Amino acid sequence: MPDSRAICYADKQEGVGNIWMQPLDGSAPRQLTYWKPGPIFSFAWSRDGKWLAFASGTQMSDVVLITDVGR
């Protein structure tokens, strides 16, 4: 966190990705965001600590097998 009193982290619980805050004083973690399903790829706070930017989306991948290219 910008105030150096907690650490923020992305966590996926029950298929939903959100940002959580863990205070450094040992108190319980607190959920900061309440978003719909989807992973959080990255996030960052503004310098003044008032804004939170994040990247979220769907992970997709394709696999292509190419064989016998020399024919």
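Here, the structure is the one placed above.
Now for a look at the structure at hand.

Analysis parameters
Residues numbered from 1 in each chain as written. Predicted model: local features only at pLDDT ≥ 70, side-chain atom pairs only at ≥ 80, totals over all residues. Heavy atoms only, no water. Helix = DSSP H or I, 4+ residues; strand = E, 2+ residues; numbered from the N terminus. Rg over C-alpha atoms; globule rule 2.2 N^0.38 Å. Buried < 20%, exposed > 50% of the residue type's maximum accessible area, 1.4 Å probe, protein only. Contact = heavy atoms within 4.5 Å. Areas by Shrake-Rupley, 256 points an atom, 1.4 Å probe, with all protein chains shown as cover. Pairing = 2+ DSSP bridges. Patch = residues over 30% accessible without salt bridge, like charges linked within 9 Å, V, L, I, M, F, W, Y side chains within 5 Å. Salt bridge = Lys/Arg side-chain N within 4 Å of Asp/Glu carboxyl O.

A short note on the overall build of the protein
Move 1: Scanning the protein from N- to C-terminus turns up zero helices and five strands.
Move 2: Reading the helices (α) and strands (β) of the protein from amino to carboxyl end gives β-β-β-β-β.
Move 3: The C-alpha atoms of the protein give 19 Å as radius of gyration, which overshoots the globular expectation for 71 residues (11 Å, by more than 25%).
Move 4: The principal-axis extent of the C-alpha atoms belonging to the protein is close to 65 × 30 × 20 Å.
Move 5: For the protein, the proportion of its 71 residues judged to be buried stands at 17%.
Move 6: Within the protein, contacts between residues separated by at least 24 positions form 13% of all contacts whose residues are at least 6 apart in sequence.
Move 7: Carbon and sulfur atoms provide 54% of the accessible area of the protein, an area that totals close to 6000 Å².

Structural notes on the pairing of strand β2 (residues 16-23)
Move 1: Extensive coverage of β2 is indicated by the burial of six of its eight residues.
Move 2: Pairing of strand β1 (residues 6-13) with β2 involves eight bridges; the strand directions are antiparallel. Note on β2: the bridge partner recorded for A10 is I19.
Move 3: Taken together, β1 and the strand that follows it, β2, pair antiparallel across an intervening segment of two residues, in which E14 is found at a positive phi of about 55°.
Move 4: Here β2 folds back onto strand β3 (residues 30-31), and the loop between the two strands holds six residues, one of which, G26, carries a positive phi near 95°.

Considerations on the pairing of strand β4 (residues 40-45)
Move 1: Inspection of the sheet shows β4 paired to strand β5 (residues 52-56) by five bridges, in the antiparallel sense. The residue of β5 that forms the bridge with F43 is F54.
Move 2: Remark: six residues form the turn of the hairpin made by β4 and β5, two consecutive strands paired antiparallel; G49 in that turn has positive phi of roughly 75°.

Notes on a nonpolar patch on the surface
Move 1: A cluster of nonpolar side chains, namely V64, I66 and V69, defines an oily patch on the protein surface of about 360 Å² accessible area.
Move 2: With respect to the helices and strands, I66 occurs in the segment after β5.
Move 3: Among the residues examined, I66 registers a relative accessible area of 64% and is labelled exposed.

Topic: the pattern of salt bridges
Move 1: According to the stated counting rule, one finds one salt bridge in the structure shown.
Move 2: With a closest N to O distance of 3.1 Å, R5 and D3 form a salt bridge.

Keep in mind that these numbers describe shape and distance, not what the molecule does.
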